[in-house]
Structure formats: C-alpha cells, structure tokens
Amino acid sequence: MHEDISATNIIKILETPSIEQMRAAAEWLANYDSTPDLQLALYSLLKQQIIPQQRGGLLAIAYTESIVPNNIKGVMMIKPGNNLLIESSDYSATESLLAIAVRENCPHRVFTSALVKSWIRPLLLKHYSLQREYDQFVMICTQPSIGGEGRWALPQDFEALQAYAIAYSTERGSGSLNYDWDSLIKQRMIAVLENSGQIVSIVRYSATKRDAFIIAPFTFSKFRRQGFAQKLLAFLIGELLKEYSAVKLWVDEDNLPACALYHSLGFQQVRHCYTGYFTS
C-alpha cells in the first residue's frame, strides 16, 4: 500500500485504497451530503467491485489516523478524460488532493461543492486557464408529482436514444456518445415520453444506495415549451420514489426555466455545487 504524507503533519493521502476503504469513503460522502457526481461515481465502482486504477482512473482519500468515516477529510476521483471529482471538509486536504490531480495532468472538468470551490478555484488558476464555469443548485424531491406520463425505454428506441446523445452533447457541450443503451434499458435507467408515436423527451437516472439522481433530461428542440419535460419527469419521480427515499438533481443556477420546472415538481434547493472547465 502506497501512502503519501501531505505538507501537514495531520492529513495523510492514500492513493491506492482497497474496496473496504472505498466503502468507508462512500459512507463519509453520503453522511457529509457531498458532491452528487462523486457519490454516484464511487457507488458505481463499489457496485461492480472495481478499483479505479484498474480502469485508468485514480481515487485518493485524505484522512487522519485511520480510514474510517469519522477520520476522512476528503475524497478525490480522476475519471478517464481528465474529469476531476473532489469533496473535502478541510483546506489542507483539498490542497494535497489537488496536488495529485496536477501531477496527473488533470483536470479538464472539475466538479465539486461550493465550499471546495472557494478553496480549489484559486489553486487551479495557478496551473490552468479557465474556459467556462457554472454555479449550480443541488435540489431534492421526496413527494411524487401528479400528471406523470412516460414509459421505460425499450430496445426499439435505440435510434431515438442515439439522437438524444448527439443532440445533448452538441447543445450542452458535455455528455457521451458511447452509452451502453442495452444495459440502461435492461436496468430501467432511462425513460422516454412519446407524442403521436414519436419520442419527444428523454431522461436518465443513476442512484446510490439511498437516493436516485436525475441526469440529463432533454426534450428535442421542436417539442419544447409544450409541457413534455414536466410530464416525463413527474413519471420518473413517481417511479423512483417507490424504491428510493429521495430524488435529487443538480442544475445551473442561471438556468431559470429549468429551476422553475423543478420547483413546480416539488424540488427544493438544499445546497450548491460547481462545475468548471480548465485548460493548460
């Protein structure tokens, strides 16, 4: 086991955690109510019993004394494509975790909480140029909404799903074109809404043990402002609350139409997070 000691005498950094140590980090993240993307990424790895280094990524844990939830001070994950996910409760831990990311020639995309943003952004600007950034709300819903319409995606929806991936990536500047649609369909992790036999709105979700997270809702441009997104999201929320205690999402603070839509569905703002894109 390789350990690096940070600049302080208190914070230690573990770069090669075991599955059991990853579970402790996941528990800390859940209890700390931390950055959604990091919670989801770590839970997915644990569900598949995958250590990030086996997939070209990296996971580091900042801690004191031993790696148990009460002693953890921060968690950082580097995903393929130079995506940095980081959460911390301590400035020194943040600084030490970021030093590892810089050593690995990361980040390109940074996702973190508002607190860590206040620490990490000045440090990032010493090494990288800012391309664009977004302050975001994290929102939660615990009650189903009325008026839901939609269904789970089916194999015959593949063409529409691929069109969704392309349109979302083009319009939002993020996302992938290489989703495993078969797996998402089989696990019922993507929902669609049809109008006159045509799929007009699509939304995915992911989940941790306790909560579900709505991801990348999208209505094709010529069908917007007709209430389709609200109907599909109401359907998905109702389905998810049968299994999970809460449904969460994150949205850009300046995306006022989306914020209004989520409020109409019963979502409440609970905290802030941050996404920044940087280049060398």
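Residues numbered from 1 in each chain as written. Predicted model: local features only at pLDDT ≥ 70, side-chain atom pairs only at ≥ 80, totals over all residues. Heavy atoms only, no water.

(A) A look at the packing of aromatic side chains. Taken as a whole and judged by the stated rule, the model has 15 aromatic pairs. Judged by centre distance (5.0 Å) and plane angle (50°), the rings of Tyr179 and Trp181 are tilted. Three or more aromatic residues link up through ring pairs in this structure, and these residues are Tyr164, Tyr168, Tyr179, Trp181, Phe218 and Phe220. A cation over a ring is seen here: Arg132 above Tyr277, with NZ or CZ 3.9 Å from the ring centre. Here the basic side chain of Arg224 rests over the ring of Phe218, its NZ or CZ set 5.0 Å away from the ring centre. (Phe/Tyr/Trp six-rings, centres within 6.5 Å; stacked < 30°, edge-to-face > 60°. Lys NZ or Arg CZ within 6 Å of the ring centre and 35° of its normal.)

(B) Broad picture of the pattern of salt bridges. Under the counting rule described, the total for this entry stands at 13 salt bridges. Residue Arg23 is joined to Glu20 by a salt bridge in which the shortest nitrogen-to-oxygen separation is 2.9 Å. Taken together, the positions of Arg23 and Glu20, both in helix 1 (residues 19-32) and three residues apart, correspond to about one turn of that helix. On the basis of relative accessible area, Glu20 is assigned to the exposed category, the value being 53%. What emerges from the salt-bridge pattern is a single network uniting Glu15, Arg103 and Glu104. (Salt bridge = Lys/Arg side-chain N within 4 Å of Asp/Glu carboxyl O. Helix = DSSP H or I, 4+ residues; strand = E, 2+ residues; numbered from the N terminus. Buried < 20%, exposed > 50% of the residue type's maximum accessible area, 1.4 Å probe, protein only.)

(C) Structural context of the state of the cysteines. One pass over the structure, following the stated rule, counts zero disulfides. In this model Cys141 remains outside any disulfide bridge; the closest cysteine sulfur is found in Cys259, 15 Å from its own. The class for Cys141 is buried, based on a relative accessible area of 1%. No disulfide involves Cys259; its sulfur sits 11 Å from the nearest other cysteine sulfur, which is in Cys273. On the basis of relative accessible area, Cys259 is assigned to the buried category, the value being 7%. (Disulfide = S-S within 2.5 Å.)

(D) Looking closely at the side chain of Asn71. Along the chain, Asn71 falls in the loop between strand 3 (58-63) and strand 4 (72-79). At 3.2 Å, the side chain of Asn71 forms a polar contact with the side chain of Ser66. If near-sequence neighbours (up to four positions away) are discounted, Asn71 is found in contact with Ala62, Tyr63, Thr64, Glu65 and Ser66. (Polar contact = N/O pair within 3.5 Å; in protein donor to acceptor, adjacent residues only side chain to side chain. Contact = heavy atoms within 4.5 Å.)

(E) How the structure looks around the confidence of the model for the protein. Of all residues in the protein, 96% have pLDDT values of 70 or greater, and the mean over the chain is 91. In the predicted structure, residues 1-8 sits below a pLDDT of 50 and forms 21 contacts with residues beyond four places in sequence or in another chain. (pLDDT = per-residue confidence, 0-100.)

(F) Inspection of unusual backbone geometry at higher detail. In this structure, Arg188 takes a positive phi of about 55° despite not being glycine. Not every positive phi belongs to a glycine, and Ala216 is a case in point at roughly 50°. As for its position among the elements, Ala216 is in strand 11 (residues 211-219).

(G) Geometry of the packing of helix 3 (residues 91-103) against helix 4 (residues 114-124). Interaxial distance between helix 3 and helix 4 falls to 10 Å at its minimum, and their mutual angle equals 40°. Of the possible angle classes, the one that applies to helix 3 and helix 4 is oblique. Two packed elements cross with a definite hand, and for helix 3 against helix 4 that hand is right-handed. Residues Tyr91, Thr94, Glu95 and Leu98 of helix 3 touch helix 4, and the partners they reach there are Val116, Trp119, Ile120, Leu123 and Leu124. Broken down by class, the residue content of the contact of helix 3 with helix 4 amounts to seven nonpolar, one polar and one charged. (Axes fitted to C-alpha atoms, helices over the stretch in contact; angles between N-to-C directions. Parallel < 35°, antiparallel > 145°, perpendicular 65-115°, else oblique. Left-handed = near helix turned anticlockwise from the far one by under 90°. Nonpolar A, V, L, I, M, F, W, Y, C, P; charged D, E, K, R; others polar.)

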